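# Residue-level structural notes
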Amino acid sequence: VRFLESWPPVAAMMGARHGAIGLVLLAICGVVSAVKELPESKEEVKNRESRIILRYQKSQTGQESLDSRVKRLESLPGISRAEALPSLDMAVVVCKTPEDEDDVLEALQTQQGVEAAVPDTWVQLDDLPKPPRGPTPQSTEMCDANPRCKAWGLQDACCPTRDGLWMECCDDRPPPIDKERHGFSTISLLSWHGGYLAAMRWGAVGFYPSMEHQDTRFFVVPHVDGYVSLKNQHGAYLVTTPSGRIACWHRGHGVADDFEKFKFIYNKDGSVSLRSKSSDKYLAAEHPKWGVATADREEIDDWEKFNVTTVHGWDTVIPNDESFEKLWGMNHFGGRDIDAVEAWRFFPAPPSNNVVVAVIDTGIDYTHQDLKERMWTNPNEIPDNGIDDDGNGIIDDVYGADFANDDGDPFDDQMHGTHCAGTIAGHGNNAEGVAGVAWAGVRLMALKFLSASGGGRTSDAIKCLNYAVAMGAKITSNSWGGGGSSSAMRVAIERAQRAGVMFIAAAGNEGSDNDAIPHYPSNYAPSNIISVASTTKTGSLSSFSCYGKESVDVAAPGSGIYSTVPGGKYASLSGTSMATPHVSGLAALIWLFRPQLTMPQIIEIILDSATREDALQNSSATGGRINARSALILASTYEGSRPPVHKPQALTFEDSDPGVGIMGGDAVITCAADESDISFYSIHLISGAGFLLDTIATVY
């Protein structure tokens, strides 16, 4: 007997009214009629099916088309059905029974024209169990005439550049006090006694009853060893003296040493404590009227706790979202964030470009108040008319597509994809919820292949990536993994690479070395992949995060990340799944800042601008955490690609291949009359939506 979920309450009702009759019937007949079973969901069907991905060799003249090959597959023993993966020269076959899989796999590998046949593996979430203020306008001038732009090594036109952008160096405010890495934001430390720690000009350290005095405001200078220094408004550091007293002296050197370093300890009650590096003891606030601060305590008690108040500097943009203070990955006084608020200041107004980021995941709640205005919409699809208006094989794919259930509605029935989407491009400065890394100018394409259980097929992930490329996404965010290496998935990523599409992938949550135990898809070789590890608020590698000196590229905040979840709600999640959308958002932010840059340039900028940390030096190839501000500064030095003014005189192509569904023949390019600005000619395949699918040939 299989009972429906609704059966217990029905049975309880019967027991109340007709329980005696029911017992008599059971006793006399000794038979219980089986309840009619619900039909299996598409997820359940895919879960139990044995499936194989088949890759054919490149089509050649005289060969049959992919569609005809797929039809022929269905006539082979052990195969119940087959499906083409258009433009990839691939097909997915479903075996009649699990017992048939080995025989079918062996038979397919001997078929003419077959390059590889691999199991369609099951993959899952990479998750744990469990208004901008612009620069001051100036007249247009050359970078070498502006001291700050020149100091950054910028060249060509400056303020604005020829791209029409304003650089932060155009601002007429003074540069930071020194070369130490900090901006103009400050913190004030309120002791348990009610006094604010204050560092006077003459070197004494005490407490003031109010934080209004500038002596209570400190710049936080983070260091690569995980410690920070606190610098007062007069350019002197807090220092632990040999006796354990705290002072604030100019000690004759510009860079802090161990006596001037402290480590933030984050207490469960929301307060922080500071542990001196030199004394290895906690800083304590004596009673304010005594005016004494010491670093001589072995344990944390009330006197060693401080509440932090942040005063944001003029070099930041702070959106008015009500939960923005929870987004430590975007901005945090401890200095282990990605410097997003400093990067946002580089935009004098919300960017008008629309960079499309495809979230390949469990879908997105496209009705969420922090996401609905950021959603990509298919311009060639009429919503809810039951017609495939754009002819791409999917009906009503307005916000993306659902390949887990084979329809056009990618609504999130899990939460994972919605959470990732909020980190990438949650609607900022709308007085609600959160703000994403690229909270203006980005469009989120929802591509669902992971079901409510968090699992999905590799073949469906390939379909998502194929859709993203065909419909114009420039970045794909992939917070999932497992199932081992698949040559079919690798080929799909390589094709995305040729189309200029970035593939950002989670490194995994097994806490293992990906150099020794590969994690896919993050371990695939194509150069369009960025593999992402996870960090904590303290700057260290998250305990669950995978790592790899060669196989992981960079780290990003991933522990305790607050973001959107379905139903208009918000929640904190942890995992490399949460770190990955930080990188996806940064890639989009750079492309919004410098739309002329290429995909390889964007990747190079992300990796080269990472903030190096000792705690991360063996975790990835960069040994660092992404930094949005540094990335935009570096991006401003790159020369963007510019299409040539002169064009080919003509392009002719004659299809000489007799095969149905196959194109083949000679393409003839009549060169431009003036080739002074032309380096090469190339021929491409373009999708029905008008986006680059693949490069066919390049002639230099």
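That block above? That's the structure.
A quick note: this is a predicted structure, and the numbers were derived from the prediction, not measured. (Residues numbered from 1 in each chain as written. Predicted model: local features only at pLDDT ≥ 70, side-chain atom pairs only at ≥ 80, totals over all residues. Heavy atoms only, no water.)

Glancing now at the side chain of Ser-273. Topologically, Ser-273 is positioned in strand β16 (residues 272-276). The class of Ser-273 is buried, set by a relative accessible area of 0%. One polar contact links the side chain of Ser-273 to the main-chain carbonyl oxygen of Glu-304, over a distance of 2.7 Å. In contact with Ser-273, not counting residues within four places along its chain, are Lys-263, Phe-264, Ile-265, Asn-267, Tyr-282, Ile-300, Glu-304 and Lys-305. (Helix = DSSP H or I, 4+ residues; strand = E, 2+ residues; numbered from the N terminus. Buried < 20%, exposed > 50% of the residue type's maximum accessible area, 1.4 Å probe, protein only. Polar contact = N/O pair within 3.5 Å; in protein donor to acceptor, adjacent residues only side chain to side chain. Contact = heavy atoms within 4.5 Å.)

On to the sheet that holds strand β3 (residues 90-95). Taking strand neighbours across the sheet as the criterion, the 4 strands line up as β2-β3-β1-β4 in an open arrangement whose pairing is antiparallel. Each end of this open sheet is capped by a strand with a single partner; those strands are β2 (79-85) and β4 (114-119). Neighbouring strand axes in the sheet, compared pairwise and without regard to direction, differ in orientation by 20° on average. Two elements, β2 and β3, share 6 bridges in a ladder whose sense is antiparallel. The partner of Ile-79 across the bridge, within β3, is Cys-95. The strands touched by helix α8 (residues 458-470) within the sheet are β1 (51-56), β2 and β3, with β1 carrying the most contacts at an inclination of about 50°. Across the sheet, helix α9 (residues 487-498) is in contact with β1, β3 and β4; its angle to β1 comes to roughly 50°. (Pairing = 2+ DSSP bridges. Axes fitted to C-alpha atoms, helices over the stretch in contact; angles between N-to-C directions.)

Applying the stated criterion across every chain, the model contains 16 aromatic pairs. Between Phe-264 and Phe-333, the ring centres sit 5.3 Å apart and the planes meet at 90°, which makes this aromatic pair edge-to-face. Pair noted here: Phe-264 is in strand β15 (residues 262-266) and Phe-333 is in the loop between β19 (306-311) and α6 (340-344), with a separation of 69 residues, a long-range link. Taking the relative accessible area as the measure of exposure, Phe-264 reaches 7% and is therefore buried. (Phe/Tyr/Trp six-rings, centres within 6.5 Å; stacked < 30°, edge-to-face > 60°.)

We now examine the pairing of strand β30 (residues 569-573). Looking at chain direction, strand β29 (residues 561-565) and β30 are connected through 5 bridges and run antiparallel. In the strand pairing of β30, Ser-563 is matched with Ala-571. Turn length for the β29-β30 hairpin, with the two strands adjacent in sequence and antiparallel, is 3 residues, and the turn residue Gly-567 shows positive phi of about 85°.

All right, on to the sheet that holds strand β25 (residues 480-481) then. Read across the sheet, 3 strands follow the order β23-β5-β25 without closing on themselves; strand pairing throughout is antiparallel. Across the chains shown, the open sheet's two edge strands, defined by having one partner strand only, are β23 (455-457) and β25. Relative to β23, strand β5 (residues 122-125) runs antiparallel, the two sharing 3 bridges. Bridge assignment links Val-123 to a residue of β23, and that residue is Gly-456.

This next bit is on the environment of Ile-424. By secondary structure assignment, the location of Ile-424 is in helix α7 (residues 416-425). According to the relative accessible area criterion, Ile-424 is buried, its value standing at 0%. Taking the C-alpha atoms as reference points, Ile-424 and Trp-439, 15 residues apart in sequence, are found 7.4 Å from one another. Setting aside anything within four residues of it in sequence, one finds Ile-424 in contact with Val-357, Val-359, Gly-436, Val-437, Ala-438, Leu-444, Ser-477, Pro-581, Ser-584 and Gly-585.

Moving on, we come to the pattern of salt bridges. Applying the stated criterion across every chain yields a total of 20 salt bridges. Put simply, Glu-49 and Arg-81 hold a salt bridge, and the shortest N to O gap is 2.8 Å. Of the two residues, Glu-49 is situated in the loop between α2 (42-48) and β1 and Arg-81 in strand β2; the sequence distance between them amounts to 32 residues. Judged by relative accessible area, Glu-49 falls into the buried class, the value being 10%. A salt bridge links Asp-269 to Lys-305; the nearest nitrogen and oxygen atoms lie 3.1 Å apart. (Salt bridge = Lys/Arg side-chain N within 4 Å of Asp/Glu carboxyl O.)

A cluster of nonpolar residues, Phe-653, Met-663, Leu-685 and Ile-696, forms a patch on the protein surface that exposes about 420 Å² of accessible area. Structurally, the position occupied by Ile-696 is in strand β36 (residues 692-699). By relative accessible area, which is 52% here, Ile-696 ends up exposed. (Patch = residues over 30% accessible without salt bridge, like charges linked within 9 Å, V, L, I, M, F, W, Y side chains within 5 Å. Areas by Shrake-Rupley, 256 points an atom, 1.4 Å probe, with all protein chains shown as cover.)

Of all 10 residues in helix α11 (residues 599-608), 7 are buried; the element is thus mostly enclosed. Every buried residue belonging to α11 is among Met-599, Gln-601, Ile-602, Ile-603, Ile-605, Ile-606 and Leu-607, and all of these are buried.

A separate point is the environment of Leu-607. Mapped onto the elements of the fold, Leu-607 is located in helix α11. Sequence-wise, Leu-607 and Thr-622 are 15 residues apart; in three dimensions their C-alpha atoms are separated by 6.5 Å. The residues touching Leu-607, leaving out its near neighbours within four places in the chain, are Ile-530, Asp-553, Val-554, Arg-612 and Thr-622.

The contact between α8 and α9 brings their axes to 10 Å, and the two run at 10°. Between α8 and α9, the angle falls in the class roughly parallel. Contact residues: Thr-458, Ala-461, Ile-462, Leu-465, Asn-466 and Val-469 in α8; Ala-488, Met-489, Ala-492, Ile-493, Arg-495 and Ala-496 in α9. (Parallel < 35°, antiparallel > 145°, perpendicular 65-115°, else oblique.)

With that settled, consider unusual backbone geometry. Between Tyr-520 and the following residue, Pro-521, the backbone shows a cis peptide bond with an omega angle of 15°. Looking at the element boundaries, Pro-521 is found in the loop between β26 (502-506) and β27 (529-535). The backbone of Asp-280 shows a phi angle near 55°, a positive value even though the residue is not glycine. Of note in this structure, Asp-384 is not a glycine but carries a positive phi near 60°. Among the structural elements, Asp-384 can be located in the loop between β20 (355-361) and β21 (400-402).

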